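Below, each chain spelled out in residue letters.
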Amino acid sequence: MFPDLFSIAGRTALVTGGTRGIGYMIAEGYLKAGARVFISSRKPDACARAQKELSEFGDVTAVPSDVRDERQCRELIEEVARRTDRLDILVNNAGATWGAAFDDFPADAWDKVLGVNLKAPFLLTQLARPLLEAASEQDDPARVINIGSIDGLIVPGFGNYSYSASKAAVHHLTRHLAAELAPAILVNAIAPGPFPSKMMAATLDAIGERLTAASPVRRIGRTEDIAGAAVYLASRATAFMTGAVIPLDGGLSTTVRIHV
């Protein structure tokens, strides 16, 4: 009845932090679904490698950019604008974390982590607004998808204070931007739980078995899980959804049982 309801074929997306981890998984999923994809990373060699690998699946362009730097955020969007006159999907995925004991947690961990995780998504959305509005249609608006975290929904069991606070803020920024940018641009967030990535490697090495055992689905996330959620939020199927934060964590944050 609705054959194109979940299609993103022919759309153009920008995925920040798209050279590894969740960003790479989303970029791969978008390419396989027929989208044209721009990815960014602060490391030029990582960009070149990811572009070569992902080109197997479709039209991908990698643009080196350190989103901690306002000037480089601007240059990233300008480079995308030189190559296309519209942007259907912006995925604010680039992220940073920091872990330390409470008494040892440094002040600059707040500047670094909030700069990447919170300030950059706002700036990039602000800068990309003209491209997003150019792609928007009355019944199928442009999309911004922010990548939050399970750690912004529940209290983590380790000392990533600036990270968890930044992701909770990303979730609320998502709602605020959704109110501001509708109806031309819809803004939603995904809050992933454990997925295999460089950022999660130490955690999975330390407590991966415990996380798997605690999950109602008894596993960690896979590429198709995050790709499916990202495709869904970018498709016509979610044209009536904005300001939502979707937990994608195997039920870890939604089925916690407190034993007193």
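Residues numbered from 1 in each chain as written. Predicted model: local features only at pLDDT ≥ 70, side-chain atom pairs only at ≥ 80, totals over all residues. Heavy atoms only, no water.

Student: Hey, could you go over helix α4 (residues 108-135) for me, with residue numbers and the actual values?
Tutor: The end-to-end C-alpha separation of α4 is 38 Å, in line with the 40 Å expected for 28 residues at 1.5 Å each. Its maximal kink placed at R129, α4 deviates by approximately 55 degrees, while the proline P130 follows within four residues. (Helix = DSSP H or I, 4+ residues; strand = E, 2+ residues; numbered from the N terminus. Expected span 1.5 Å × (residues − 1). Bend = angle between axes of the 7 residues up to and from the residue.)

Student: Talk me through the side chain of S235; I want residue IDs and the actual numbers.
Tutor: Checked against the element boundaries, S235 lands in the loop between α7 (223-234) and β7 (245-248). When residues no more than four places from it in sequence are discounted, the contact partners of S235 are L5, F6, S7, I8, R11, D140 and R143. (Contact = heavy atoms within 4.5 Å.)

Student: Run through a positive patch on the surface, naming residues and quoting values.
Tutor: A contiguous patch of positive charge on the surface is contributed by R20, R42, K43, R49 and K112. Its place among the elements puts R49 in helix α2 (residues 44-54). (Patch = residues over 30% accessible without salt bridge, like charges linked within 9 Å, V, L, I, M, F, W, Y side chains within 5 Å. Areas by Shrake-Rupley, 256 points an atom, 1.4 Å probe, with all protein chains shown as cover. Salt bridge = Lys/Arg side-chain N within 4 Å of Asp/Glu carboxyl O. Lys, Arg positive; Asp, Glu negative; His and termini not counted. Charge placed at Lys NZ, Arg CZ, Asp CG, Glu CD.)

Student: Describe the packing of helix α1 (residues 21-32) against α7, naming the residues involved and giving the relevant values.
Tutor: Contact geometry of α1 with α7 gives a least axis separation of 8 Å together with a crossing angle of 60 degrees. Viewed along their axes, α1 and α7 adopt a mutual orientation that is oblique. Remark: the crossing between α1 and α7 carries right-handed chirality. Where α1 abuts α7, its residues I22, M25, I26, G29 and Y30 lie against T223, I226, A227, A230, V231 and A234. By residue class, the composition of the contact of α1 with α7 is 9 nonpolar, 2 polar and no charged. (Axes fitted to C-alpha atoms, helices over the stretch in contact; angles between N-to-C directions. Parallel < 35°, antiparallel > 145°, perpendicular 65-115°, else oblique. Left-handed = near helix turned anticlockwise from the far one by under 90°. Nonpolar A, V, L, I, M, F, W, Y, C, P; charged D, E, K, R; others polar.)

Student: Requested: an account of the packing of helix α3 (residues 70-83) against α4, with residues and values cited.
Tutor: Interaxial distance between α3 and α4 falls to 10 Å at its minimum, and their mutual angle equals 25 degrees. Taken together, the axes of α3 and α4 are roughly parallel relative to one another. Remark: the crossing between α3 and α4 carries right-handed chirality. Here α3 contributes E70, C73, R74, L76, I77, V80 and A81 to the contact with α4, which in turn contributes L123, L124, L127, A128 and L131. Taken together, the residues of the contact of α3 with α4 break down into 10 nonpolar, no polar and 2 charged.

Student: Explain a nonpolar patch on the surface residue by residue, including any values.
Tutor: On the surface, F102, W110 and Y161 cluster together into a nonpolar patch covering about 330 Å² of accessible area. Checked against the element boundaries, W110 lands in helix α4. Judged by relative accessible area, which is 35%, W110 ranks as partly exposed. (Buried < 20%, exposed > 50% of the residue type's maximum accessible area, 1.4 Å probe, protein only.)

Student: Lay out the pattern of salt bridges in plain terms, naming residues and giving numbers.
Tutor: With the rule as written, the count across this model stands at 13 salt bridges. Between D140 and R11 there is a salt bridge, and its shortest N-O distance comes to 2.4 Å. Residue D140 is located in the loop between α4 and β5 (142-147), and its partner R11 is located in the segment before β1 (12-16); the two are separated by 129 residues in the primary sequence. For the pair D140 and R11, a shared accessibility class is recorded, and that class is buried. Through salt bridges with shared partners, a single network forms among R11, D140 and R143.

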